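Descriptive analysis of the structure
Take a look at the letters that make up each chain.
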Amino acid sequence: MRPLTEHDIRTSFINCSKGEAKRAELPRDLADLPWDDLDFLGWRDPGAPERAYLVAGGDGPLVGVALRVTSGAARAFTSRSMCSLCLTTHTSGGVALMTARRTGEPGRQGNTVGQYMCADLACPLYLRGKRQAAGAGVVEESLTLEEKLARTHANVRAFLDKVAA
């Protein structure tokens, strides 16, 4: 992913108002992020733990969505969950249900789309082995890294398409 500016990120949001996009807390270390290892930018708002954001570009224009993190019951350390974007397994709260308000009239009526995602939204780093999921073993796959990345891109695009539909 190419390095993004604050302007790029704020103008990419499709499911929130301009005011909400302007108030969104961006990553503090934006210039220092490992852009070469990112396929999309995802982060949690440090001031509001129930808020998160995801910005993806791929082949087309940047598309950003504001997310709400559903606080669920704490799970046992031995219980595992899988991210539906990158298929990384985590234990003990490493996966969270994140919902995004849909765009247009459905969004104004309160309709949302939900997906289980890595709680820290660091899917690209897990896929590349730059970050390890706490307490979870690596599920061996016969796919190449490029195939895993393509699958994750397709999963992210499908989620964003549901938000925009």
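Residues numbered from 1 in each chain as written. Predicted model: local features only at pLDDT ≥ 70, side-chain atom pairs only at ≥ 80, totals over all residues. Heavy atoms only, no water.

**Examining the overall build of the chain**
For the chain, the count of helices and strands is five helices and seven strands. Taken from the N to the C terminus, the helices and strands of the chain come in the order α-α-β-β-β-β-β-β-α-β-α-α. For 165 residues, the compact-globule estimate of 2.2 N^0.38 gives 15 Å, and the chain sits close to it at 15 Å. Taken over 165 residues, the chain has a buried fraction of 45%. (Helix = DSSP H or I, 4+ residues; strand = E, 2+ residues; numbered from the N terminus. Rg over C-alpha atoms; globule rule 2.2 N^0.38 Å. Buried < 20%, exposed > 50% of the residue type's maximum accessible area, 1.4 Å probe, protein only.)

**Some points on the pattern of salt bridges**
Taken as a whole and judged by the stated rule, the model has twelve salt bridges. Taking the shortest distance from any N to any O, the salt bridge between Asp-8 and Arg-2 comes out at 3.2 Å. Take Arg-2: its relative accessible area is 49%, and that puts it in the partly exposed class. Its salt-bridge partner being Glu-105, residue Arg-108 comes within 3.3 Å of it at the nearest N-O pair. With Arg-108 and Glu-105 both in helix H3 (residues 104–108) and three residues apart, the pair spans about one turn of that helix. What makes Glu-105 partly exposed here is its relative accessible area of 41%. Salt bridges here are not isolated pairs; linked through shared partners, they connect Asp-45, Glu-50, Arg-51 and Arg-68. (Salt bridge = Lys/Arg side-chain N within 4 Å of Asp/Glu carboxyl O.)

**Re the nonpolar core**
Counting 46 residues, the largest nonpolar core has Ile-9, Leu-41, Leu-54, Leu-67, Met-117 and Phe-159 as the members making the most contacts within it. Of all the elements in the fold, those that place two or more residues in this core are strand S1 (40–44), strand S2 (51–56), strand S3 (63–69), strand S6 (95–101), strand S7 (112–118), helix H4 (123–127) and helix H5 (145–164). For Leu-67, the contacting residues outside a window of four places in its chain are Glu-50, Arg-51, Ala-52, Tyr-53, Leu-54, Met-98, Thr-99, Ala-100, Met-117, Leu-121 and Phe-159. (Core = buried A, V, L, I, M, F, W, Y, C linked by side-chain atoms within 4.5 Å. Contact = heavy atoms within 4.5 Å.)

**Regarding the environment of Gln-132**
With respect to the secondary-structure elements, Gln-132 resides in the loop between H4 and H5. Overall, Gln-132 belongs to the exposed group, its relative accessible area being 54%. At 3.4 Å, the side chain of Gln-132 forms a polar contact with the backbone oxygen of Gly-129. (Polar contact = N/O pair within 3.5 Å; in protein donor to acceptor, adjacent residues only side chain to side chain.)

**Remarks on the environment of Leu-121**
Mapped onto the secondary structure, Leu-121 falls in the loop between S7 and H4. As a C-alpha pair, Leu-121 and Glu-105 span 16 residues in sequence and 28 Å in three-dimensional space. Setting aside anything within four residues of it in sequence, one finds Leu-121 in contact with Phe-40, Gly-42, Trp-43, Ala-52, Tyr-53, Leu-54, Leu-67 and Met-98.

**Side note on the sheet that holds S7**
Reading across from one edge, S1-S2-S3-S6-S7 is the order of the five strands in this open sheet, with antiparallel pairing throughout. The open sheet has two free edges, formed respectively by S1 and S7, since each of these has just one partner strand. Ignoring which end each strand starts from, the neighbouring axes of this sheet average 30° apart. One ladder, built from seven bridges, connects S6 with S7; its direction is antiparallel. Looking across to S7, one finds that Ala-100 is bridged to Val-113. Against the sheet, H5 makes contact with S1, S2, S3, S6 and S7, and its axis sits at roughly 155° relative to S7, the strand it touches most. (Pairing = 2+ DSSP bridges. Axes fitted to C-alpha atoms, helices over the stretch in contact; angles between N-to-C directions.)

**Comments concerning the state of the cysteines**
Here the structure, examined in full by the defined rule, presents zero disulfides. Lacking any disulfide linkage, Cys-86 is separated from the closest cysteine sulfur, that of Cys-123, by 3.5 Å. On the basis of relative accessible area, Cys-86 is assigned to the buried category, the value being 2%. (Disulfide = S-S within 2.5 Å.)

**Overview of unusual backbone geometry**
Backbone geometry places Leu-87, a non-glycine residue, at a positive phi of 65°. What makes Leu-87 partly exposed here is its relative accessible area of 30%. Positive phi values are uncommon outside glycine, yet Leu-121 reaches one of about 55°. For Leu-121, a relative accessible area of 2% gives the class buried.

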